[in-house]
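Chain by chain, the residues:
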Amino acid sequence: MLIFFGIWFWIMRRVSGGGAAHGFLNLGKKIRIKPDTLPKITFDDVAGAESAKQELKETIDFLKAPEKIQQLGGRMPKGVLLVGPPGTGKTLLARAVSGEAGVPFFNISGSEFIELFVGVGAARVRDLFEQARQNAPCIIFIDELDAIGRSRSGPISIGGHDEREQTLNQLLTEMDGFDPTSGVVVMAATNRPEILDKALLRAGRFDRQIVVDKPDLQDRVKILQLHTRRMQLASDVDLDIIGRRTPGLVGADLSNIANEAAILAARNNQTEVTMDNFEDAIDRILAGPEKKGRALAAEEKRRAAYHEAGHALVAESVPTGQPVHKISIIPRGVSALGFTLQLPIEEKFLSTEDELKDQIAILIAGRVAEQITLGNVSTGAQNDLEKASEIARSMVCYLGMSKKLGPLTYGKRQQLQFLETEATETRNYSDETALLIDNEVKAIIDEGQKRAQRILTEKRKVLDKLAEVLREKETIHHEELVALLQEAD
Ligand code: ADP
Ligand code: MG
Ligand code: ZN
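Q: Can you explain the packing of aromatic side chains? Please cite residues and give values.
A: Under the counting rule described, the total for this entry stands at 4 aromatic pairs. Relative to phenylalanine 5, the ring of phenylalanine 4 lies with its centre 5.9 Å away and its plane at 75 degrees, an arrangement referred to as edge-to-face. Residue class for phenylalanine 4 comes out exposed when judged on its relative accessible area of 55%. On the basis of relative accessibility, which here comes to 43%, the residue phenylalanine 5 falls in the partly exposed class. Seen from their ring centres, phenylalanine 5 and tryptophan 8 are 6.2 Å apart, and the 85 degrees between their planes marks the pair as edge-to-face. Of this pair, phenylalanine 5 and tryptophan 8 are both found in helix H1 (residues 2–16), 3 residues apart, which corresponds to roughly one turn of the helix. Among the aromatic residues, those joined into a ring-pair cluster are Phe4, Phe5 and Trp8.

If you want it as structure tokens, here you go:
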């Protein structure tokens, strides 16, 4: 009997225990949500993002001593929504708030709900809030809020539509139901605030929004410092230059770069991580890994050298061109034959009309160089042309930089909808205007092409020289380029 009961007991334990966490057996049963047990982090682990940290201070003060604010009759916002592009450290900041305040952190991701069975999502939200109330003061953090909070009037998603709506309704109910003085703060993160259901943003719900932006130069350097602090760095490593080379990248990318550089160093059995490792790591992140297996055929290599030399020469010749940091004909990513990297001197938020025109000339220069030197063009310029056309079209349609069309905007860009990768555009102009737009775009591109042609024909000798060196060395750095150009003058 004892053995029999022993076995029976054991089986029951297995069935109801953690073994089948997501299985049918758990359906209807209470899903225990436990506070996060990851190592505690603080604001010191988040580099930069000062304004976001400043705004979160208030929340931390409240979590540390909810009674104080209550006594003064103050009321805390119930919900704090962190808004910003992916990888900017929203999740990191939320965890740091819990670390700073020393309170439990209940973490759940919006996308987890989507996998659940009908009815379970709502139950899960209920349980989450119940747990939180018992553990107050504490933080509930809903990552990727857009997965459940998408506007109910939006396009119907594939699968789990009802489920999502039920979950969302339950979340709204819970947020309305709890007492703001109870010491529970609901935080959430999203990178697409525009698609959130308006009901979520109403007063008494996520009424406080904190923007977490892409880091600027200073913050990028700080993030790099943070992620390299345990690395053995060679003396030639200059984090400031790395920061300058990475405008537009976010914390997650920078952390990847640091990591990749360390891996490359380890692969070469180095004892220190060098600047070259970082350069390679950045190229990898920006342009995809080098294609070691696909060496360029001699003819292709000649073409790539002329193409890249064309970009570089025009970039150095036009008035507003940024200095060329590096030219390379080592193939990277999917289609690029090589690449020419320009290094912005300072961070740019605005571009003038002249700068855009110069940019177009630089983009087209690769193709023009092929045409001038080899007498024909190749498929290698497709990406350049796409970018150039996009700039030219924006100039005409959105930036009012065409004299003929004037300072109006044409066409309305639609926001991205769920599962769409490219923004659609609705036309709000006549066929005649469409024709005019096309002509203006073409005129801008033609002008850019003419300029590139003029520059490259004038400096044909330098172009040939540059291509020759490039073919030989495959990569030219800024200093070498400057020396080559001076020699030619
Ligand atoms: P998000 O939630 O905004 O998509 P995460 O918080 O998940 O971004 O960030 C991903 C990773 O990027 C973090 O784990 C961290 O290593 C790094 N990171 C992002 N921003 C920062 C920052 N400001 N300081 C330090 N590391 C950062
Ligand atoms: Mg995140
Ligand atoms: Zn090109």
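Q: Run through the packing of helix H17 (residues 460–473) against helix H18 (residues 478–488), naming residues and quoting values.
A: Direction vectors running N to C along H17 and H18 enclose 145 degrees, while the axes themselves pass 10 Å from each other. For the pair H17 and H18, the crossing hand works out as right-handed. Every residue of H18 that contacts H17 at Val462, Lys465, Leu466, Val469 and Lys473 is listed here: Glu480, Leu481, Leu484, Leu485, Glu487 and Ala488. Residues belonging to the contact of H17 with H18 are distributed by class as follows: 7 nonpolar, no polar and 4 charged.

Q: An account of the pairing of strand S4 (residues 184–190) is needed here, citing residue identities and associated values.
A: A regular strand places its side chains on the two faces of the sheet in alternate fashion. Burial within S4 is extensive, with 7 of its 7 residues counted as buried. By the bridge criterion, 5 bridges tie strand S1 (residues 79–83) to S4 in an arrangement that is parallel. Of the residues in S4, the one forming a bridge with glycine 79 is valine 186. Two strands pair when backbone bridges link them, and strand S3 (residues 138–143) and S4 are joined in this way by 5 bridges, in the parallel orientation. Looking across to S4, one finds that cysteine 138 is bridged to valine 184.

Q: So what about the nonpolar core? Which residues, and what values?
A: As a rule of thumb, nonpolar side chains are buried together in soluble globular proteins. Within the largest apolar cluster, 49 residues are counted, with the highest numbers of intra-cluster contacts made by Val314, Ile360, Ile437, Leu456 and Ile476. Where this core is concerned, the elements lending two or more residues are helix H13 (298–317), strand S6 (324–328), helix H14 (353–374), helix H15 (382–397), helix H16 (431–458), H17 and H18. It is H14 that contributes the most residues to this core, 9 residues altogether. When neighbours within four sequence positions are excluded, isoleucine 360 is seen to be in contact with Ala388, Ile391, Ala392, Met395, Ile444, Ile445 and Gly448.

Q: Any details on the site of ligand 1? Residues and values, ideally.
A: Among the 16 residues in the neighbourhood of ligand 1, the closest are listed as Ala47, Gly87, Lys90, Thr91 and His227. Between ligand 1 and alanine 47 there is a distance of 2.8 Å, counted from a nitrogen atom to a backbone nitrogen or oxygen. Here threonine 91 contributes a side-chain N or O atom positioned 2.6 Å from an oxygen atom of ligand 1. When ligand 1 is considered free in solution it has 560 Å² of accessible area, and contact with the protein chains removes 78% of it. Mapped by element, the contributors of at least two residues to the shell around ligand 1 are helix H4 (90–101), helix H9 (217–227) and helix H11 (251–267). In the shell around ligand 1, the residues fall into 7 nonpolar, 7 polar and 2 charged. Two domains each put at least three residues into the shell around ligand 1: domain 2 (31–152 + 159–211) and domain 3 (217–287).

Q: Describe H16, and please don't skip the residues or the numbers.
A: When the terminal C-alpha atoms of H16 are compared, their 41 Å separation across 28 residues agrees well with the 40 Å that a helix rising 1.5 Å per residue should span. Every buried residue of H16 is accounted for by Thr433, Ala434, Ile437, Glu440, Val441, Ile444, Ile445, Gly448, Arg451, Ala452, Ile455 and Leu456. Buried positions along H16 lie against H13, H14, H15 and H17.

Q: Any chance you could break down the coordination of the zinc ion (ligand 3) for me, citing the residues and the numbers?
A: Bound to the zinc ion (ligand 3) on the protein side are His307 (NE2), His311 (NE2) and Asp384 (OD), at distances that span 2.0 to 2.1 Å. Mapping the donors of the zinc ion (ligand 3) onto the primary sequence yields the spacing H-x3-H-x72-D. Within this pair, whereas histidine 311 is found in helix H13, its partner aspartate 384 is found in helix H15, the two being separated by 73 residues in sequence. Taking the relative accessible area as the measure of exposure, histidine 311 reaches 6% and is therefore buried.

Q: I'd like to hear about the pattern of salt bridges, residue by residue, with values.
A: All chains considered together, the criterion is met by 22 salt bridges. A salt bridge links arginine 208 to glutamate 58, with the nearest nitrogen and oxygen atoms 3.4 Å apart. Of this pair, arginine 208 sits in strand S5 (residues 208–211) while glutamate 58 sits in helix H2 (residues 50–64); the two residues are 150 residues apart in sequence, bridging distant segments of the chain. Residue glutamate 58 is classed as partly exposed on the basis of its relative accessible area, which comes to 40%. A salt bridge links glutamate 353 to lysine 357, with the nearest nitrogen and oxygen atoms 3.4 Å apart.

Q: Can you tell me about the sheet that holds strand S2 (residues 105–109), naming the residues and giving the values?
A: With parallel pairing, the 5 strands of this open sheet are ordered in space as S2-S3-S4-S1-S5. Either end of the sheet is taken by a strand with one partner, and the two such strands are S2 and S5. Across the sheet, the mean angle from the axis of one strand to that of its neighbour is 20 degrees, orientation sign disregarded. Of the strands in this sheet, S1, S3, S4 and S5 are in contact with H2, which crosses S5 at around 140 degrees. Relative to the sheet, helix H6 (residues 120–134) contacts S2, S3 and S4, its axis offset from that of S2 by approximately 170 degrees.

Q: Give me the lowdown on the pairing of S2, citing residues and values where you can.
A: Summarising burial for S2: 4 of the 5 residues are buried, a large majority. Where S2 lies against S3, 5 bridges are found, and the strand directions are parallel. What sits directly across from serine 109, in S3, is aspartate 143.

Q: An account of the environment of glutamate 58 is requested, with residue identities and associated values reported.
A: Separated by 18 residues in sequence, glutamate 58 and methionine 76 place their C-alpha atoms 9.0 Å apart. Not counting residues up to four positions away in its chain, the partners in contact with glutamate 58 are Met76 and Arg208.

Basis of the calculations
- Residues numbered from 1 in each chain as written.
- Chains lettered and ligands numbered in written order.
- Predicted model: local features only at pLDDT ≥ 70, side-chain atom pairs only at ≥ 80, totals over all residues.
- Heavy atoms only, no water.
- Phe/Tyr/Trp six-rings, centres within 6.5 Å; stacked < 30°, edge-to-face > 60°.
- Buried < 20%, exposed > 50% of the residue type's maximum accessible area, 1.4 Å probe, protein only.
- Helix = DSSP H or I, 4+ residues; strand = E, 2+ residues; numbered from the N terminus.
- Axes fitted to C-alpha atoms, helices over the stretch in contact; angles between N-to-C directions.
- Left-handed = near helix turned anticlockwise from the far one by under 90°.
- Contact = heavy atoms within 4.5 Å.
- Nonpolar A, V, L, I, M, F, W, Y, C, P; charged D, E, K, R; others polar.
- Pairing = 2+ DSSP bridges.
- Core = buried A, V, L, I, M, F, W, Y, C linked by side-chain atoms within 4.5 Å.
- Near = heavy atom within 4 Å.
- Polar contact = N/O pair within 3.5 Å; in protein donor to acceptor, adjacent residues only side chain to side chain.
- Areas by Shrake-Rupley, 256 points an atom, 1.4 Å probe, with all protein chains shown as cover.
- Domains from an automatic or database assignment.
- Expected span 1.5 Å × (residues − 1).
- Donors = N, O, S within 2.8 Å, 3.2 Å for Na, K, Ca; no water.
- Salt bridge = Lys/Arg side-chain N within 4 Å of Asp/Glu carboxyl O.

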